[in-house]
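One letter stands for each residue in the lines below.
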Amino acid sequence: GKVSCLNQGGYNLQEKLGWSLSEYEEVCSFIIHLVYKPLNMRRSWKRQLVPKLHLVFLEAKSCYPVLKAYKDDWVVLDFSCVYLKNSSTHVN
C-alpha cells in the first residue's frame with residue numbers, strides 16, 4: 001500500500017522507519033521546505049520535472065546522510081509525495 005493511506009493497506013512512514021518523533025519531524029520539515037522551492041505545488045509528484053526531482057533527492061541526502069541508506073530514495077519520495085498530494089489538492 002501507499003504511505004499515509006492506512007485504510008487502503010498503506011503504512012505510517014514514521015512507524016515504518018522506526019525513527020524517533022523528533023527525527024521524523026525534523027527530516028519531514030526539511031523535505032517540505034526543500035520540495036517547496038523547485039517544484040510546482042499545483043502538480044502531483046508524477047507530473048513534476050525530472051531534473052527538479054533529482055535536485056530534491058540530492059539535497060535531502062546531502063543534509064541528512066541517513067537518507068542514503070534507503071534504496072531508490074523511497075523515503076524522500078514518500079515525504080515528498082504526501083506533501084505534494086496535499087498541496088495540489090488544496091491549490092487546485
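Notes on the structure in this doc start here.

Parameters at a glance
Residues numbered from 1 in each chain as written. Predicted model: local features only at pLDDT ≥ 70, side-chain atom pairs only at ≥ 80, totals over all residues. Heavy atoms only, no water. Helix = DSSP H or I, 4+ residues; strand = E, 2+ residues; numbered from the N terminus. Buried < 20%, exposed > 50% of the residue type's maximum accessible area, 1.4 Å probe, protein only. Contact = heavy atoms within 4.5 Å. Areas by Shrake-Rupley, 256 points an atom, 1.4 Å probe, with all protein chains shown as cover. Axes fitted to C-alpha atoms, helices over the stretch in contact; angles between N-to-C directions. Left-handed = near helix turned anticlockwise from the far one by under 90°. Nonpolar A, V, L, I, M, F, W, Y, C, P; charged D, E, K, R; others polar.

Things to note about the overall build of the protein chain
Scanning the protein chain from terminus to terminus reveals 4 helices and 0 strands. Start at the N end of the protein chain and walk to the C end: the helices and strands fall as α-α-α-α. Per-residue burial over the protein chain gives 37% buried out of 92 residues. Long-range pairs, those at least 24 residues apart, make up 60% of the contacts in the protein chain with a sequence separation of at least 6. Only carbon and sulfur atoms are counted for the fraction: they give 54% of the accessible area of the protein chain, which is about 6000 Å².

Points about the packing of helix α2 (residues 21-36) against helix α3 (residues 50-63)
Two elements in contact, α2 and α3, have axes whose closest approach is 10 Å; the angle formed by their N-to-C orientations is 145 degrees. You can see that α2 and α3 cross each other, and the crossing is right-handed. Residue-level contacts link F30, I31, L34 and V35 of α2 to V56, E59, A60 and C63 of α3. Considered class by class, the residues forming the contact of α2 with α3 number 7 nonpolar, no polar and 1 charged.

Topic: unusual backbone geometry
Working note: non-glycine residues mostly have negative phi, and peptide bonds are mostly trans. Phi is positive for D72, which is not a glycine, with a value near 60 degrees. Considering the arrangement of structural elements, one finds D72 in the loop between α3 and α4 (74-91). Not every positive phi belongs to a glycine, and D73 is a case in point at roughly 55 degrees. Among the secondary structure elements, D73 is positioned in the loop between α3 and α4. Classification of D73 by relative accessible area gives buried; the value is 14%.

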